[in-house]
Structure formats: structure tokens, C-alpha cells
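In case you want the letters, here they are:
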Amino acid sequence: MIHKRILVFLIAFLPVIISACSDDDDDDLIGKWYRVSDMDGLARNYASSFTIGNKGYLICGNAGNYLKDFYAFNPVANSWTQTISIGGTKRQGATSFVINGIAYVCCGQNNGEYVDDFWKFDPSTESWTQLRDISDSSDEDYDDDYTITRTNGVAFVIDGAAYLTCGENGSLRSDTWKYYPATDLWENVAKFKGTARTATASFSSGEKGFVVSGKSGTTQFDDIWELHPNEYDDDEY
């Protein structure tokens, strides 16, 4: 009889015990998420984002149609402000990066077309300036070999220059381009050595760049590759 009572007690309180253990496990994890103010604009996907100072910025994307609107989030005020839209083409899957407090947005896709206009944003004046196209669109020879246009590419910044790689443009890309903001010119550098891919992620340590994850068709990747910008690649391509 005593054994039966013990068994009944354990069955009755087992969910409580499990819940308490689960709560303790959650308490051991560092960090806590809070929901903040929803963005004022349309819900979307394939948007791009960047950070300048203490503000976060969200731009372009797709909400059933292609977008070019632009919003700034102030975490201190917990508020969004719509600011001047990027000039040029609406797009999704754009690539963005920040160098010395100036944001740059390029690439992306609009209604099946890979866009080639390139823009920079100065937060001090809240203005956009168009830069040179990222395709062979001029009569000069500097862009004769440009094959930069793509969607879902990634970029990272090392020592005042941006590196753009991966993505897709009819086929998956592994070519890598280095951008010099002082001259507004791109240089083709050593290509990404992993399998060509899209929908990947990237980040920079300040001295090296990293590309991780992504996909090729139905294949998902978990490898990570590190770029050493000042070493030379003697491999044949």
C-alpha cells in the first residue's frame, strides 16, 4: 500500500519536477530576448541591414512586390523612423556593408533582373549618392571585366576595404571582389575556395573575413572558410 502511494505521488508531481528542471536549465543560458517596437513599414523578407553608430538600418526586400524603402531603428527611443529611400532600383537580396561610418548597398534582384546600380548612404546628411555601376556599363576600361552583379551575396570589411563573394546570378558564384572606397573601384581577388553557394553568412574579425554555411541546390553546408587578405593564392582555378 505504501509503495502504491509513493508511485501515485511520483506520477502526480513528475511534470512539476520536469518543469522545474527545465526552468533551471533555461536560467543557466546567458542572454535574454525582449520584443521591441515593430517596424513601421511592410512586413518583408530578403531585406538587407547594417549598423552605423548606435542605430540599425533596414532596407529593400520583398513584401509581395520589390521594395526600396529605408528605415532606421533607435534602440534608446525604441522607435523606427522612415528616412529617404535608396535611389535607383527596387531590389531584394541586396548586399550591404559599412566602411568608416558610410553604408554601401549593391547587388540584388528586381523582377528577375540582376541590378547593377551601387549606392552609399551618409547618416550625417541622411543622403544617398550613386557610385559607379558594378557591371561593364561604361565606355571606359576599368569595368571591362566586372562580373559583380548577383543576388544573396555576402560582404565583410577588412582594413577599410570590402570583400564581396558567393551568391547567385543564373549560377552559383564563388568569385570574390575587393572594393576600394577611395577610388570607387573593384578588384577581382582570389575566389572563395569552398563549394560555390548562396544564402550564406559572413563576418569579419577586423583582420580576416569569414564565410560560413549556405546552400547549393538541396545541399546544406556547415563548413567555414577564412580569408587572409594579405596572402597570395598560387592555386590554379
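Up top is the structure.
Here goes a summary of the coordinates provided. (Residues numbered from 1 in each chain as written. Predicted model: local features only at pLDDT ≥ 70, side-chain atom pairs only at ≥ 80, totals over all residues. Heavy atoms only, no water.)

Moving on, we come to the sheet that holds strand 13 (residues 176–180). A sheet is described by the order of its strands in space; here four strands give the open sequence 11-12-13-14, paired in antiparallel fashion. Each edge of the sheet is formed by a strand with only one pairing partner; in this case those strands are strand 11 (154–158) and strand 14 (185–189). With direction set aside, neighbouring strand axes in the sheet form an average angle of 25 degrees. Pairing of strand 13 with strand 14 involves five bridges; the strand directions are antiparallel. (Pairing = 2+ DSSP bridges. Helix = DSSP H or I, 4+ residues; strand = E, 2+ residues; numbered from the N terminus. Axes fitted to C-alpha atoms, helices over the stretch in contact; angles between N-to-C directions.)

With respect to the secondary-structure elements, Thr-176 resides in strand 13. A polar contact is formed between the side chain of Thr-176 and the backbone nitrogen of Phe-192, at a distance of 3.3 Å. Residue contacts for Thr-176: discarding those within four places in its chain leaves Leu-164, Thr-165, Glu-187, Asn-188, Val-189, Ala-190, Lys-191 and Phe-192. (Polar contact = N/O pair within 3.5 Å; in protein donor to acceptor, adjacent residues only side chain to side chain. Contact = heavy atoms within 4.5 Å.)

This next bit is on the packing of aromatic side chains. Evaluated as defined, the whole model comprises 21 aromatic pairs. On the numbers, 6.5 Å between centres and 45 degrees between planes, the contact of Phe-97 with Phe-118 is tilted. Of this pair, Phe-97 sits in strand 5 (residues 95–99) while Phe-118 sits in the loop between strand 8 (113–114) and strand 9 (119–122), and the two are 21 residues apart along the sequence. Of the two residues, Phe-97 and Phe-118, both sit in the buried class. (Phe/Tyr/Trp six-rings, centres within 6.5 Å; stacked < 30°, edge-to-face > 60°. Buried < 20%, exposed > 50% of the residue type's maximum accessible area, 1.4 Å probe, protein only.)

Functional significance is not addressed by these values, which are geometric in nature.
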